[in-house]
Amino acid sequence: MTDFIDFRSDTVTRPSAEMRSVMAAAEVGDDAYGDDPSVRALQERVADILGFDEAIFLPSGTQSNLCAILAHCQRGDEYLVGQMAHCYRWEGGGAAVLGSVQPQPLEHLADMTFDLGTIEAAIKPDDIHFARTRLLALENTIMGRVLPTDYIEAATALAADHDLSAHLDGARLFNAAVSLAGNGDPVAMAARIAGHFDSVSVCFSKGLGAPVGSALCGSSEFIRRARRIRKMLGGVMRQSGILAAAAEFALDRNIPRLAEDHRRARTLAEGISTIPGIKVGPIDTNIVTFSLLPETKLTAGEFIISLRDAGLLVSGAYDIRFVTHLGIDDSDIERAIELVTTCAHDLI
Ligand SMILES: *Cc1c(COP(=O)(O)O)cnc(C)c1O
């Protein structure tokens with residue numbers, strides 16, 4: 001994909017030479033026995049910075065969310081989750097398929113929050129007809145949008161009032177934290193957000209730029225259950241310190257630089273916002289979405305193909321989506337604006 005500018009996702013980054021050298025030098029052991037010092041150090045660090053008793057390192061964010069749902073819920077329970085949330089829509093229905101835990105999807109408001117009344121109405125009474133509602137799952141950022149902190153506080157408090165646990169899919173938690181922190185400390189902001197939840201999953205393989213890996217945080221009791229489930233799901237790795245070292249390097253180097261991805265995404269959004277036929281969505285972090293107006297002559301699928309032929313890779317399951325990441329620089333943004341502008345001549 002060398003000749004393309006790749007905006008499909010922030011997962012497409014490749015480890016730098018420096019990250020690779022840190023990985024090559026990592027001390028390792030067999031993590032199934034808890035022997036890998038690099039994995040242990042990473043788990044302790046993540047638990048510590050986000051304010052939890054413990055964390056476990058997992059191969060993917062999908063598995064981390066699934067472990068969390070199965071550790072919070074029993075067979076026949078349900079979790080409340082957004083219609084567009086990753087752990088409902090984008091994870092193959094794993095909680096239902098593998099855990100017999102049913103999702104109860106909730107409609108999002110325009111800013112991707114839920115109306116609190118909608119959450120409350122979805123919590124089922126204790127009645128033999130109903131699944132037991134056990135968990136509220138939020139996601140931050142969600143489709144690039146940052147959830148307001150007072151909303152998180154209110155939604156998780158509502159969950160607690162009804163004896164539900166609260167899980168955060170924080171695949172891009174640090175993007176939310178960087179956006180909210182401004183000139184403040186993004187790690188402290190991430191901890192503030194995380195503090196409202198019983199469990200939090202974070203990805204190292206997105207904007208942080210590591211090749212593989214996620215961490216799930218929670219109480220010691222919760223992590224003990226999650227450890228057993230991770231084993232059952234085939235997620236225990238062996239000399240995974242090589243991967244943990246990459247994640248540590250990503251935490252050391254790549255949190256504040258997420259602000260650059262956000263700035264570039266904004267420049268891109270502004271650059272294409274005046275193109276006739278295109279409607280750019282709201283932007284908070286590193287994801288720019290746009291849709292084509294009804295009067296345009298191409299479908300979104302056709303437009304994505306014409307962008308690809310011009311050298312731009314984007315994704316488009318729903319809206320057309322550009323994601324900025326550490327492999328995208330200022331000149332890529334300039335070029336992308338030019339190419340979208342050119343391709344859009346065929347729209348009207
Ligand atoms: C990427 C992502 C995940 C997990 O993805 P994996 O590819 O399984 O690591 C989970 N939630 C959100 C919001 C994501 O963007």
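All of the points below concern the structure found in this document. Here the structure is a predicted model, which is why all the values come from computation and not from measurement. (Residues numbered from 1 in each chain as written. Predicted model: local features only at pLDDT ≥ 70, side-chain atom pairs only at ≥ 80, totals over all residues. Heavy atoms only, no water.)

Below, the discussion takes up the sheet that holds strand E4 (residues 102-106). Spatially, seven strands are ordered E2-E8-E7-E6-E5-E3-E4 in an open sheet, and the strand pairing comes out mixed. The outermost strands of the open sheet, each flanked by one partner alone, are strand E2 (54-58) and E4. Recorded for the sheet is a direction-independent mean angle of 20° between the axes of neighbouring strands. Pairing of strand E5 (residues 132-139) with strand E6 (residues 165-170) involves five bridges; the strand directions are parallel. (Pairing = 2+ DSSP bridges. Helix = DSSP H or I, 4+ residues; strand = E, 2+ residues; numbered from the N terminus. Axes fitted to C-alpha atoms, helices over the stretch in contact; angles between N-to-C directions.)

What follows concerns the pattern of salt bridges. Within the structure shown, the criterion is met by 18 salt bridges. Two residues, Arg 238 and Asp 30, come together in a salt bridge whose shortest N-O distance is 3.2 Å. Linking Arg 238 in the loop between helix H10 (220-232) and helix H11 (241-253) with Asp 30 in the loop between helix H1 (17-24) and helix H2 (37-50), this pair joins segments that are 208 residues apart in sequence. Across the pair Asp 330 and Arg 264 runs a salt bridge whose closest N-O atoms are separated by 2.7 Å. (Salt bridge = Lys/Arg side-chain N within 4 Å of Asp/Glu carboxyl O.)

With that settled, the discussion passes to unusual backbone geometry. Following Asn 140, the chain continues to Thr 141 via a peptide bond in cis, the omega torsion being 0°. For Thr 141, the location among the structural elements is in the loop between E5 and helix H7 (149-161). The phi dihedral of Met 143 is positive, around 50°, even though this residue is not glycine. Tracing the backbone through its elements, the reader meets Met 143 in the loop between E5 and H7. The residue Asp 163 is not glycine, and still its phi comes out positive at about 60°. Topologically, Asp 163 is positioned in the loop between H7 and E6.

What follows covers the side chain of Asn 140. Within the secondary structure layout, Asn 140 lies in the loop between E5 and H7. For Asn 140, a relative accessible area of 0% puts it in the buried group. Only 2.9 Å separates the side chain of Asn 140 from the backbone nitrogen of Leu 147, close enough to count as a polar contact. With near-sequence residues (within four places) excluded, Asn 140 lies in contact with Arg 145, Val 146, Leu 147, Ile 152, Leu 168, Asp 169, Gly 170, Arg 172, Leu 173, Ala 176 and Ile 193. (Buried < 20%, exposed > 50% of the residue type's maximum accessible area, 1.4 Å probe, protein only. Polar contact = N/O pair within 3.5 Å; in protein donor to acceptor, adjacent residues only side chain to side chain. Contact = heavy atoms within 4.5 Å.)

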